[in-house]
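This is what each chain is made of:
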Amino acid sequence: AQSVAQPEDQVNVAEGNPLTVKCTYSVSGNPYLFWYVQYPNRGLQFLLKYITGDNLVKGSYGFEAEFNKSQTSFHLKKPSALVSDSALYFCAVRDGGYNKLIFGAGTRLAVHP
Amino acid sequence: EADIYQTPRYLVIGTGKKITLECSQTMGHDKMYWYQQDPGMELHLIHYSYGVNSTEKGDLSSESTVSRIRTEHFPLTLESARPSHTSQYLCASSEQGSNQPQHFGDGTRLSIL
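Residues numbered from 1 in each chain as written. Chains lettered and ligands numbered in written order. Predicted model: local features only at pLDDT ≥ 70, side-chain atom pairs only at ≥ 80, totals over all residues. Heavy atoms only, no water.

Here the focus is the overall build of chain A. A tally of regular secondary structure across chain A gives 0 helices and 12 strands. The C-alpha atoms of chain A give 13 Å as radius of gyration, which agrees with the globular expectation for 113 residues (13 Å, within 12%). Expressed along its principal axes, the backbone C-alpha trace of chain A runs to roughly 40 × 30 × 20 Å. The long-range share in chain A, meaning contacts at least 24 apart out of those at least 6 apart in sequence, stands at 55%. Of the roughly 5,200 Å² of accessible surface on chain A, 48% is carried by carbon and sulfur atoms. Charge centroids of chain A, computed over 10 positive and 8 negative side chains, lie 6 Å from each other. (Helix = DSSP H or I, 4+ residues; strand = E, 2+ residues; numbered from the N terminus. Rg over C-alpha atoms; globule rule 2.2 N^0.38 Å. Contact = heavy atoms within 4.5 Å. Areas by Shrake-Rupley, 256 points an atom, 1.4 Å probe, with all protein chains shown as cover. Lys, Arg positive; Asp, Glu negative; His and termini not counted. Charge placed at Lys NZ, Arg CZ, Asp CG, Glu CD.)

A few words now on the environment of B:Leu110. Residues and elements named next belong to chain B. Mapped onto the elements of the fold, Leu110 is located in strand S11 (residues 108-112). Each C-alpha atom of the pair Leu110 and Ser87 lies 5.5 Å from the other, and the pair is 23 residues apart in sequence. What Leu110 contacts, discounting residues up to four positions off in sequence, is Leu11, Ile19, Leu78, His85, Thr86, Ser87 and Tyr89.

Before going further, it helps to spend a moment on the confidence of the model for chain B. Per-residue pLDDT for chain B averages 92, and the proportion of residues at 70 or more is 98%. Looking over chain B, one finds the lowest element-wise mean pLDDT in strand S6 (residues 56-57) of chain B, namely 92, and the highest in strand S3 (residues 19-25) of chain B, namely 97. (pLDDT = per-residue confidence, 0-100.)

Taken together, the contact between chain A and chain B spans 22 residues of the former and 28 residues of the latter. At the junction of chain A and chain B, the tally comes to 2 salt bridges. Between A:Arg42 and B:Asp106 there is a salt bridge, with the nearest N and O atoms lying 2.9 Å from each other. One can count 7 residue pairs in polar contact (both at pLDDT 80 or more) joining chain A with chain B. (Salt bridge = Lys/Arg side-chain N within 4 Å of Asp/Glu carboxyl O. Polar contact = N/O pair within 3.5 Å; in protein donor to acceptor, adjacent residues only side chain to side chain.)

Next up on the list: the state of the cysteines. In protein chemistry, a disulfide is the covalent bond that joins the sulfur atoms of two cysteines. Residues and elements named next belong to chain B. A complete count under the given rule lists 2 disulfides over all chains for this structure. Paired by a disulfide, Cys23 and Cys91 hold their sulfur atoms 1.9 Å apart. Because the torsion about its S-S bond is -75 degrees, the bridge between Cys23 and Cys91 counts as left-handed. One end of the pair, Cys23, is in strand S3; the other, Cys91, is in strand S9 (residues 87-94), with 68 residues separating them in the sequence. (Disulfide = S-S within 2.5 Å.)

We now examine the pattern of salt bridges. For the coordinates displayed, the defined rule picks out 9 salt bridges over all chains. Between B:Glu79 and B:Lys18 there is a salt bridge, with its nearest N and O atoms 3.9 Å apart. Residue B:Glu79 is located in the loop between strand S8 (76-78) and S9, and its partner B:Lys18 is located in the loop between strand S2 (10-13) and S3; the two are separated by 61 residues in the primary sequence. As far as the burial class goes, B:Glu79 and B:Lys18 line up, both exposed. Taken together, the salt bridges that share partners define one network made up of A:Asp95, A:Lys100 and B:Asp59. (Buried < 20%, exposed > 50% of the residue type's maximum accessible area, 1.4 Å probe, protein only.)

Now the structure itself:
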């Protein structure tokens, strides 16, 4: 069965420092991977996806993610964190051929001034 | 910017009432989804639809029902609300194609007294 794991409940970063939010996956076949962000009292917003091709994927708001097949990871990164990046981040993997998504448990990112 | 709307945003109602949560999208997406999310927690798929007159149950068992009579409209109904139904409900839609991201509404926060 397809699954994703986000090993950290919370990540704390100082503003201006680089940030990483971790995600590992388990799939049969080629993985279709996604990152979403959720701000308080809002729905999820799509950040980026990996389907195939270049292992470094660039997305919205300066975020990028690195796909690593050997480590089955898809970590979200940003070179310089902003206080406004503080939110809940979800990694997701496509479930088979149905375009259903399986979400991780989420990681709360707190960026401190 | 995705155009998917959920109403009401907040609903506090007594036990035993019939509730309908509305979800509409103006993007012409065939696929639509309902997720249940406790605040700050992971998402659980409860219903999805591939198009008009298509509805399927998701991964999390739910006492709610859905209908899809029009492409743009995917309401969720609880015939008799109970306190255990208290949660946030998120609606999403996506284009055809297994690599398409889902676009989310801002959710309905439901409290059953």
